[in-house]
Amino acid sequence: MGSHLCDRLLAEGHEVISLDNLYTGSKRNIAHLLSRPDFSFIQHDVVDPIKLEVDWVFNLACPASPVHYQHNPVKTVKTSVMGTLNMLGLAKRTHARIMQASTSEVYGDPLEHPQTEGYWGNVNPIGLRSCYDEGKRVAETLMMDYHRQNGVDTRIVRIFNTYGPRMATGDGRVISNFVVQALRGEKLTVYGDGEQTRSFCFVDDMIDAFVRLMDYQGDDAHEPVNVGGGHERSMNDVVSCL
Ligand SMILES: NC(=O)c1ccc[n+]([C@@H]2O[C@H](COP(=O)([O-])OP(=O)(O)OC[C@H]3O[C@@H](n4cnc5c(N)ncnc54)[C@H](O)[C@@H]3O)[C@@H](O)[C@H]2O)c1
């Protein structure tokens, strides 16, 4: 999503500094931007502090699929907790507005469907996925506390499944799995009866929501916002679209 966000911000005339440690990201996704004078790339790990002069911060840094975030769970927690602390420190020092990429996973194994922002979730602090889910929950806590305690101008987006160009092929997410299998002429792998549902959002729509939320300045701008495709689709539905 980060590379698409860079495209969008540059198209709107902003100068963009992209930070990435390239754990799951690839420089290929921003190759078309590297020669632009209004774009710079710094290979940087958000676990370490950084001094920059900025007006807006979008903190998207975190491995997003289980295969990657479970590879080094301690690092995943550090990325969400220390990375968010460092980005909030940057926002506080520069008086920048900051958006945190949170996730539908903060609801854990939800007992309510669909989830609204007022639902606190059905969560597990000690499971194999907790490094991701709980890391994102602490990141939200930090955002709200920096807002209340230090007046930092924060935004929180709870992202639901998002897909689009430049997805990594081997990360085990359902849309990239299906597309890769279809391109290779292989049989599509559907788990169970295929009637389990997800909501899917196209990446351009998600980026549009990020920018709109950053522009929004209402009294409730700091509250978390769920962003997703809006309606549920079964895996069988998705397969029939390919
Ligand atoms: N794609 C989705 O459906 C989805 C759903 C919910 C939340 N999110 C969140 O949105 C954000 C972007 O996800 P994405 O789908 O674009 O995944 P992605 O893996 O393509 O992007 C994550 C980026 O963060 C970078 N990164 C990881 N750890 C880092 C660190 N310590 N320092 C600096 N950079 C680091 C990776 O190299 C990668 O470029 C993530 O925070 C993810 O948790 C995504």
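Here the structure is a predicted model, which is why all the values come from computation and not from measurement.

A.B. asks: Where do I start with the environment of Leu-85 in this structure?
C.D. replies: Of note, Leu-85 is situated in helix α3 (residues 73-94). Residue Leu-85 is classed as partly exposed on the basis of its relative accessible area, which comes to 34%. For the pair Leu-85 and Glu-140, spaced 55 residues apart in the sequence, the C-alpha separation amounts to 11 Å. For Leu-85, the contacting residues outside a window of four places in its chain are Leu-142 and Tyr-146.

A.B. asks: Can you help me understand the site of the ligand in this one?
C.D. replies: Near the ligand you find 26 residues, and of these Asp-20, Thr-24, Tyr-132, Lys-136 and Arg-173 are the closest. The backbone of Met-1 places a nitrogen or oxygen atom 2.7 Å from an oxygen atom of the ligand. Residue Arg-173 places a side-chain N or O atom 2.7 Å away from a nitrogen atom belonging to the ligand. Surface burial for the ligand is 90%, taken as the share of its 820 Å² of free accessible area covered by protein chains. Mapped by element, the contributors of at least two residues to the shell around the ligand are β4 (97-103) and α4 (130-150). Ranked by residue count, the leading element in the shell around the ligand is β4, at three residues. Grouping the amino acids of the shell around the ligand by side-chain chemistry returns 13 nonpolar, nine polar and four charged.

A.B. asks: When you look at unusual backbone geometry in this model, what are you seeing that I'm missing?
C.D. replies: Negative phi values dominate among residues other than glycine, just as trans dominates among peptide bonds. The step from His-113 to Pro-114 runs through a cis peptide bond, and the omega angle for that step is -15°. Although it is not a glycine, Leu-22 sits at a positive phi angle of roughly 60°. At His-95, a position not held by glycine, the phi torsion is positive, near 55°. Counting through the fold element by element, His-95 comes out in the loop between α3 and β4. What makes His-95 exposed here is its relative accessible area of 73%.

A.B. asks: Would you mind going over the sheet that holds strand β9 (residues 224-227) with me for this structure?
C.D. replies: In a beta sheet, neighbouring strands pair by backbone hydrogen bonds and run either parallel or antiparallel. If you walk across this open sheet you meet the four strands as β3-β4-β5-β9, and the pairing is parallel. With one partner strand each, in any of the chains shown, β3 (56-59) and β9 form the two edges of the open sheet. Recorded for the sheet is a direction-independent mean angle of 20° between the axes of neighbouring strands. Direction of pairing for strand β5 (residues 153-159) relative to β9: parallel, over a ladder of four bridges. Residue Val-157 lies in a different strand from β9, and its bridge partner there is Val-225. Against the sheet, α3 contacts β3, β4 and β5, and its axis sits at roughly 175° relative to β3. Sheet strands touched by α4: β4, β5 and β9. Its angle to β4, the strand with the most contacts, is close to 155°.

A.B. asks: So what exactly am I meant to see when it comes to the layout of surface pockets here?
C.D. replies: Any space left empty among the atoms is revealed by the rolling of a water-sized probe across them. Estimates place the volume of the second largest pocket at around 270 Å³. Lining the second largest pocket are 14 residues, and of these Tyr-163, Ile-175, Phe-200, Arg-233 and Val-238 sit closest to its centre. Of all the secondary structure elements, the ones that give two or more residues to the lining of the second largest pocket are α5 (174-183), β8 (201-202) and α7 (235-241). Sort the elements by how many residues they give to the lining of the second largest pocket and α5 lands first, with three residues.

A.B. asks: Can you walk me through the nonpolar core in this structure?
C.D. replies: Grouped burial of nonpolar side chains is what soluble globular proteins tend to show. Judged by nonpolar contacts, the single largest core of 24 residues is most densely connected at Leu-5, Phe-39, Phe-58, Val-157 and Phe-210. Mapped by element, the contributors of at least two residues to this core are α1 (2-11), β2 (39-43), β4, β5 and α6 (203-215). In terms of residue count, α6 provides more of this core than any other element does, eight residues in total. By size, the runner-up hydrophobic cluster in this structure holds 17 residues, among which are Leu-52, Val-57, Ile-98 and Ile-156.

A.B. asks: Would you mind showing me how to read a nonpolar patch on the surface here?
C.D. replies: The grouping of Val-179, Leu-183 and Leu-242 at the surface amounts to a nonpolar patch, some 320 Å² of accessible area in total. For Val-179, the location among the structural elements is in helix α5.

A.B. asks: Explain the packing of aromatic side chains here, please?
C.D. replies: For any two aromatic rings, the description comes down to two numbers: the centre-to-centre distance and the angle of the planes. This model, assessed by the stated rule, comprises four aromatic pairs. Considering the side-chain rings of Trp-56 and Phe-58, the 5.8 Å spacing of their centres and the 75° angle between planes classify their relative orientation as edge-to-face. We classify Phe-58 as buried; its relative accessible area is 17%. With a centroid separation of 6.0 Å and 15° between ring planes, the pair formed by Tyr-107 and Tyr-119 is classed as stacked. Of this pair, Tyr-107 sits in the loop between β4 and α4 while Tyr-119 sits in the loop between β4 and α4, placing them twelve residues apart in sequence. As far as burial versus exposure is concerned, Tyr-107 and Tyr-119 are alike and both buried.

Criteria and thresholds
- Residues numbered from 1 in each chain as written.
- Predicted model: local features only at pLDDT ≥ 70, side-chain atom pairs only at ≥ 80, totals over all residues.
- Heavy atoms only, no water.
- Helix = DSSP H or I, 4+ residues; strand = E, 2+ residues; numbered from the N terminus.
- Buried < 20%, exposed > 50% of the residue type's maximum accessible area, 1.4 Å probe, protein only.
- Contact = heavy atoms within 4.5 Å.
- Near = heavy atom within 4 Å.
- Polar contact = N/O pair within 3.5 Å; in protein donor to acceptor, adjacent residues only side chain to side chain.
- Areas by Shrake-Rupley, 256 points an atom, 1.4 Å probe, with all protein chains shown as cover.
- Nonpolar A, V, L, I, M, F, W, Y, C, P; charged D, E, K, R; others polar.
- Pairing = 2+ DSSP bridges.
- Axes fitted to C-alpha atoms, helices over the stretch in contact; angles between N-to-C directions.
- 1 Å grid on protein atoms, 1.4 Å probe; cavity = no way out; pocket = protein on both sides within 12 Å on 5 of 7 lines; lining within 4 Å.
- Points joined across faces, edges and corners; volume = space filled by probe spheres on them.
- Core = buried A, V, L, I, M, F, W, Y, C linked by side-chain atoms within 4.5 Å.
- Patch = residues over 30% accessible without salt bridge, like charges linked within 9 Å, V, L, I, M, F, W, Y side chains within 5 Å.
- Salt bridge = Lys/Arg side-chain N within 4 Å of Asp/Glu carboxyl O.
- Phe/Tyr/Trp six-rings, centres within 6.5 Å; stacked < 30°, edge-to-face > 60°.

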